[in-house]
Amino acid sequence: MQRAAPDGHSGRERGFDDLLHQLTKHKDLLRTTHDWPRRRSEKERVTRQVPFEETMAAVQTPKVCSEDVRSYVNANLNRLERFVERELYFREIAGSFDPEFGQQGRSSG
């Protein structure tokens, strides 16, 4: 934009003011570019997503009943008995279990 000025100093001032005004408008325009609507291609369009709970990745925990626990214990009863016997034996050797009193530690009587 060209204008006539009475002297060189005021002309330069007006020119710089005009440039500063244009620069400010340009910066404002750049600041608001994130608000502009953008066109999306077919590939980029957001599709409806299935909730995670409805996918195959969501594992539903089975309900456990007393019969399940009973059958597990019955199937592993021998191993459980051996484990308890070993634990009692090692604790008796370590002195933290007294088989005479049937409890942990020594009884003070």
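Up top you'll find the structure we're talking about.
This write-up is about the structure you can find in this document. (Residues numbered from 1 in each chain as written. Predicted model: local features only at pLDDT ≥ 70, side-chain atom pairs only at ≥ 80, totals over all residues. Heavy atoms only, no water.)

### Description of the pattern of salt bridges
Side chains that differ in sign of charge can pair as their charged atoms come close.
Move 1: Applying the stated criterion across every chain, the model contains three salt bridges.
Move 2: The partner of Asp 28 in a salt bridge is Arg 31, and the shortest N-O contact between them spans 2.8 Å. One end of the pair, Asp 28, and the other, Arg 31, are both in helix H1 (residues 8-31), three residues apart, so they sit about a helical turn from each other.
Move 3: Among the salt bridges present, the one from Glu 87 reaches Arg 91, with a minimum N-O distance of 3.7 Å. Note that Glu 87 and Arg 91 are positioned in helix H3 (residues 77-94) at a spacing of four residues, about one turn of the helix.
Move 4: Residue classification places Arg 91 among the partly exposed positions, given a relative accessible area of 35%. (Salt bridge = Lys/Arg side-chain N within 4 Å of Asp/Glu carboxyl O. Helix = DSSP H or I, 4+ residues; strand = E, 2+ residues; numbered from the N terminus. Buried < 20%, exposed > 50% of the residue type's maximum accessible area, 1.4 Å probe, protein only.)

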